[in-house]
Amino acid sequence: MTEKKTNLSDYDPSAVPDGSQYKIGVIAAEWNSNVTDALLQGAVDTLRQYGVKEQNLIVRRVPGTFELPSAADTMFQLCNPDAVICIGCVIQGDTRHFEFICQAVSQGITNVALKERRPVIFSVLTCDTMQQALDRAGGRHGNKGVEGAVTALKMVDYRKSLSKEIPF
Ligand code: DLZ
């Protein structure tokens with residue numbers, strides 16, 4: 001059976017792990033900041049709600065979505081977070097920038113996650129219109145930053161649960 005999720009902020013609160021021992025990085029692109037500011041707020045509010053301490057929350061901005069993978073990689077090298085949430089918003093325009101940026105960020109985030117063996121969360125909206133993005137940045141479809149924060153906590157918990165079984 002397929003499940004169609006209509007609101008990105010809908011989740012089961014009882015299934016979200018406690019984040020009080022986790023160090024989480026959040027990197028947001030400046031492009032389309034009316035959208036990425038709302039996603040960033042959603043992510044940070046949710047991380048705080050589930051116990052992530054201020055000193056364990058690293059928030060940074062980069063110029064555009066294209067820069068997110070390299071910025072996440074640098075954050076892993078210099079700050080040693082348990083996970084990094086990448087926040088961006090790419091809107092289809094007149095040129096082919098859209099497809100290059102979407103391809104680079106999705107592949108780049110996957111590469112960093114596999115290299116670091118730590119979660120790198122894809123909180124990137126890839127939309128045809130600004131309205132579609134606003135609908136997913138606190139509008140009628142919820143907030144993709146909230147979804148990213150919940151996913152980060154679950155994925156860090158997943159990794160920690162395995163490291164208890166097999167020390168590495
Ligand atoms: C250049 C560009 C364009 C056209 N569109 C977007 C966009 O919709 N969203 C976004 O986050 N960034 C965009 N950028 C900027 C690129 O991500 C990047 O910052 C520049 O190409 C410099 O590497």
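Use the structure listed above.
By convention here, each chain's residues receive numbers from 1 onward along its written sequence. It should be noted that, the model being predicted, local features are given only for residues of pLDDT at least 70 and side-chain atom pairs only at 80 or more, the latter also being counted only at that level, while totals for whole chains, interfaces and linings use all residues. Based on all heavy atoms of the structure, the side-chain values leave hydrogens and waters out of the count.

Caption draft 1: Quick peek at the overall build of the protein chain. A run of H or I in DSSP becomes a helix once it reaches four residues, and a run of E becomes a strand once it reaches two; helices and strands are each numbered from the N terminus. The secondary structure content of the protein chain amounts to five helices and six strands. Listed N to C, the secondary structure of the protein chain is β-α-β-α-β-α-β-α-β-β-α in terms of helices and strands. By the compact-globule yardstick of 15 Å for 168 residues, the protein chain fits well, its C-alpha radius of gyration being 15 Å. Its C-alpha atoms put the protein chain at 50 × 35 × 30 Å along the principal axes. Here's how the labels work: a residue is buried when its accessible area is under 20% of the maximum for its type, exposed when over 50%, partly exposed in between, all with a 1.4 Å probe on protein chains only. Expressed as a percentage of the 168 residues in the protein chain, the buried residues total 47%. Sequence-distant contacts, at least 24 apart, represent 80% of the contacts inside the protein chain between residues at least 6 apart. The accessible surface values rely on the Shrake-Rupley method and a 1.4 Å probe; as for residues, cover is taken only from the protein chains in view. Surface summary for the protein chain: the accessible area is close to 9200 Å², and the carbon and sulfur share equals 52%. In this description the radius of gyration comes from C-alpha coordinates, and the expected globular size is given by 2.2 Å times residues to the power 0.38. We call two residues in contact when some of their heavy atoms are within 4.5 Å.

Caption draft 2: How the structure looks around the sheet that holds strand E1 (residues 24-29). Paired strands, in this sense, are two strands between which DSSP finds at least two bridges. Spatially, the four strands line up as an open sheet ordered E2-E1-E3-E4, and their pairing is parallel. Strand pairing shows two members of the sheet lacking a second neighbour, strand E2 (57-62) and strand E4 (120-127), which therefore form its edges. On average, each strand axis in the sheet is tilted by 15° relative to the strand beside it, whichever way the strands run. Taken together, the eight bridges between strand E3 (residues 83-91) and E4 define a ladder with parallel strand orientation. Its bridge partner lying in E4, glycine 88 is registered against valine 124. Axes here mean lines fitted to C-alpha atoms, for a helix over just the part in contact, with angles spanning 0 to 180 degrees between N-to-C directions.

Caption draft 3: Examining the packing of helix H2 (residues 68-79) against helix H3 (residues 97-116) more closely. One way to put it is that H2 packs onto H3 with a least axis distance of 8 Å and a crossing angle of 20°. Classified by the interaxial angle, the pair formed by H2 and H3 is roughly parallel. Like other packed secondary-structure pairs, H2 and H3 cross with a definite hand, here right-handed. Residues Leu68, Pro69, Ala72, Asp73, Phe76 and Gln77 of H2 form the contact with H3, whose participating residues are Ala104, Val105, Gly108, Ile109, Val112, Lys115 and Glu116. Considered class by class, the residues forming the contact of H2 with H3 number eight nonpolar, two polar and three charged. Note on terminology: angles under 35 degrees are roughly parallel, angles over 145 are roughly antiparallel, angles of 65 to 115 are roughly perpendicular, and the others are oblique. Crossing handedness follows the turn of the near helix against the far one: under a right angle anticlockwise gives a left-handed crossing, and clockwise gives a right-handed one. Each residue is assigned to one class: nonpolar for Ala, Val, Leu, Ile, Met, Phe, Trp, Tyr, Cys and Pro, charged for Asp, Glu, Lys and Arg, and polar for all the others, Gly among them.

Caption draft 4: Up close: the nonpolar core. Among the nonpolar cores identified, the biggest contains 28 residues, and Ile24, Val26, Val35, Leu47, Ile85, Ile87 and Leu153 are the most heavily contacted of them. In terms of residue count, the dominant contributor to this core is helix H1 (residues 33-49) (six residues). When near neighbours in sequence (up to four residues on either side) are disregarded, leucine 47 contacts Ile24, Val26, Val52, Leu57, Ile85, Ala149 and Leu153. To qualify as a nonpolar core, a set must consist of buried Ala, Val, Leu, Ile, Met, Phe, Trp, Tyr and Cys residues joined through side-chain atoms within 4.5 Å. Of all hydrophobic cores here, the second largest spans 20 residues; its members include Ala71, Ala72, Cys102 and Ile109.

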